[in-house]
Amino acid sequence: MRIGDRKKKRMEEAFPDDFDDRIMPGDDLLPDDFVPEETPEETKRGSGRRRTQYREAAVRDISKSLMEDEAIPEESSGRPGGDGKSGRRGKRPRSRALTLIGNIFKFILIVLLVLIIGSGIFAFFQVRAILRNAPEISPAQFIPSEAATYIYDADGKREQKLTLPEANRDLVSIKDIPKDLQHAVVAIEDERFYKHNGVDPKGIARALVKGLTSGHFSEGASTITQQLLKNSVFPDWMKETTFRQRLERKIQEQFLALKLEKMLTKEQILEDYLNTINLGAGCYGVQSAAYRYFGLPVSELSLSEATVIAGITQNPTAYNPITNPEKNKKRRTEVLNAMLRQGYISQSQYASALADDVYARIQDNESKVDTTSTIYTFYQDALIDQVMQDLEEQ
């Protein structure tokens, strides 16, 4: 249909045959109290003339609307106080739909907010109950109470070692532990040990991100302080079978770690830790491990030898340098990389340690160690009985 035909049809729809008898859409364009200026002749004609003027004004407005190709309002009084319905009624369904969507969205937000607040309150009371059941701690309980006993001859040479499997350790002061060994353990186990207050939020976040990206939550986030607590206060941690048990212990560990850091210095914590840890081959503590693997006191260990021992801590069985030298070598390289990255050693020290054939010395020392003899001589048996009797009398 051509534009002219379309406009003609709209004019016919706007002005039907009974146009004069209807209330025109244009009537609502003038206020109800509008009174045009009248001449004497118009006064005689009365309201008929005024109605004609109103209609002419309406025709002009509707014609203008048609020329601008605008929609003609539907038939309605359109006067103030009327129902006010016009051509805009087509927009109302969309407005109602948007309002409905907005209400649904608000409802979902309110439900989520209630769930978050409720979960937070529940978690708060659960954590408070767990902390209320945390054990009491004191500085003395972190010093190992069990250690090996030795029988010496008249010249001060060791004749026999007396120990239980879980007490094969020799206590040593932190000042007798080489700095290289201290730094090696800190670098690979807890690089922010000297900066945090017992709990390392950055380490926890790193382990969480690595676990989410790799799908394996194998990297631990426990600090050295927490590990000392685990070994000393929670000795049955390996018997945990459920996630809840592990979670409760972790929460208590972190809580107690904050308390322990206020009781002991960093050097005291590190000393107790290095005297407590399991270092494979039945050794507990760095002094016992130094004698077992190198036949030397810990104070005489080189950088290369210190990194061998530091590499054992994560898994004493898997990284045993006697039975699994290749695995320990790989872990030892990780220790050296961490020390170099954190500034504990120079590039030349790093290269020298890597070039050292330390595992040959370990195997040579192993051939000299008698790990099978449990038979004491008559003299040794008599000495043990005498010592036990003296201890009972005291």
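Below: a short report on this structure.

Description of the overall build of the protein chain
Moving on, step 1. When helices and strands are tallied, the protein chain shows 15 helices and 2 strands.
Moving on, step 2. Put simply, the protein chain has 394 residues, and 33% of those count as buried.
Moving on, step 3. Residue pairs in contact within the protein chain that sit at least 24 positions apart in sequence constitute 64% of those at least 6 positions apart.
Moving on, step 4. Carbon and sulfur atoms form 56% of the exposed surface of the protein chain, whose accessible area is close to 25500 Å².

Concerning the pattern of salt bridges
Moving on, step 1. Applying the stated rule across the entire model yields 13 salt bridges.
Moving on, step 2. Note that Arg249 and Glu253 form a salt bridge whose closest N and O atoms lie 2.7 Å from each other. A residue pair is termed a helical-turn pair when its members lie 3 or 4 positions apart in one helix, as Arg249 and Glu253 do in helix α8 (residues 243-263) at 4 residues. For the pair formed by Arg249 and Glu253, the shared burial category is buried.
Moving on, step 3. Across the pair Glu366 and Arg292 runs a salt bridge whose closest N-O atoms are separated by 2.5 Å. One end of the pair, Glu366, is in helix α14 (residues 358-366); the other, Arg292, is in helix α10 (residues 286-294), and 74 residues separate them in sequence.
Moving on, step 4. Glu366 gets classed as partly exposed once you look at its relative accessible area, which sits at 22%.
Moving on, step 5. Judged by relative accessible area, which is 16%, Arg292 ranks as buried.

Here we look at unusual backbone geometry
With the exception of glycine, most residues fall at negative phi, and the peptide bonds are largely trans.
Moving on, step 1. Here Ala281, not a glycine, exhibits a phi torsion of approximately 55°, which is positive.
Moving on, step 2. In this structure, Ala281 sits in the loop between α9 (266-276) and α10.

Re the packing of aromatic side chains
Centre-to-centre distance and the angle between the planes together describe a pair of aromatic rings.
Moving on, step 1. All chains considered together, the criterion is met by 2 aromatic pairs.
Moving on, step 2. Here the basic side chain of Lys230 rests over the ring of Trp237, its NZ or CZ set 4.1 Å away from the ring centre.
Moving on, step 3. The ring of Phe193 is capped by Lys266, whose NZ or CZ atom sits 4.6 Å from the centre of that ring.

Brief notes about the environment of Arg341
Moving on, step 1. For Arg341, the location among the structural elements is in helix α12 (residues 325-341).
Moving on, step 2. The class of Arg341 is exposed, set by a relative accessible area of 59%.
Moving on, step 3. Between the C-alpha atom of Arg341 and that of Ala187, which follows or precedes it by 154 residues, the distance is 9.0 Å.

Structural notes on helix α11 (residues 303-310)
Moving on, step 1. Within α11, 8 of the 8 residues are buried, leaving the element largely enclosed by the surrounding structure.
Moving on, step 2. Inspection of α11 places Leu303, Ser304, Glu305, Ala306, Thr307, Val308, Ile309 and Ala310 among the buried residues, and these make up the whole buried set.
Moving on, step 3. Buried positions along α11 lie against α5 (179-189), α10, α12, α13 (347-355) and α14.

So, the packing of α12 against α13
Moving on, step 1. Relative orientation of the contacting elements α12 and α13 amounts to 170°, with a least axis distance of 10 Å. The orientation of α12 with respect to α13, classified from their angle, is roughly antiparallel. Between α12 and α13, the residues in contact are Arg332, Thr333, Leu336, Asn337 and Leu340 and Gln347, Tyr350, Ala353 and Leu354, respectively.
Moving on, step 2. By residue class, the composition of the contact of α12 with α13 is 5 nonpolar, 3 polar and 1 charged.

Re the side chain of Glu240
Moving on, step 1. As for its placement among the helices and strands, Glu240 is situated in the loop between α7 (224-232) and α8.
Moving on, step 2. Reaching out from Glu240, the side chain makes a polar contact with the side chain of Arg249 at a distance of 2.8 Å.

As for the environment of Val286
Moving on, step 1. Tracing the backbone shows Val286 in helix α10.
Moving on, step 2. Note: C-alpha distance between Val286 and Leu171 (115 residues apart in sequence) is 8.5 Å.
Moving on, step 3. The contact partners of Val286, leaving out residues within four places of it in the chain, are Val172, Ile177, Leu181, Leu274, Leu279, Val298 and Ile309.

Thresholds applied
All residue numbers refer to position in the chain's written sequence, counted from 1. Predicted model: local features are reported for residues with pLDDT of at least 70 only, side-chain atom pairs are reported and counted for 80 or more only, and whole-chain, interface and lining totals are derived from all residues. To get the side-chain values, all heavy atoms of the structure are used, and hydrogens and water are removed first. Here a strand is any run of E in DSSP of at least two residues, a helix any run of H or I of at least four, and the numbering for each starts at the N terminus. Buried, partly exposed and exposed residues are distinguished by accessible area as a fraction of the type maximum, computed with a 1.4 Å probe on protein chains only: under 20%, between the cut-offs, and over 50%, respectively. Should any heavy atoms of two residues lie within 4.5 Å, those residues are considered in contact. Surface accessibility in these figures is a Shrake-Rupley result with a 1.4 Å probe; residues are shielded only by whichever protein chains are displayed. Should a side-chain nitrogen of Lys or Arg be within 4 Å of a carboxyl oxygen of Asp or Glu, the pair is scored as a salt bridge. Only centres within 6.5 Å qualify two rings of Phe, Tyr or Trp (six-membered ring in Trp) as a pair; their planes then separate them into stacked at under 30 degrees, edge-to-face at over 60, and tilted for everything else. Whether a charge sits over a ring comes down to the Lys NZ or Arg CZ being within 6 Å of the ring centre and within 35 degrees of the ring normal. Comment: axis = line fitted to C-alpha atoms, over the contacting stretch for helices; angle = value between 0 and 180 degrees taken between N-to-C directions. In this scheme, roughly parallel covers angles under 35 degrees and roughly antiparallel covers those over 145, while 65 to 115 is roughly perpendicular and the rest are oblique. Just so you know the grouping, Ala, Val, Leu, Ile, Met, Phe, Trp, Tyr, Cys and Pro go in nonpolar, Asp, Glu, Lys and Arg go in charged, and all remaining residues, Gly too, go in polar. Side-chain atoms alone can form a polar contact between residues adjacent in sequence; in general such a contact is a pair of N or O atoms within 3.5 Å, and within protein one must be able to donate a hydrogen while the other accepts it.

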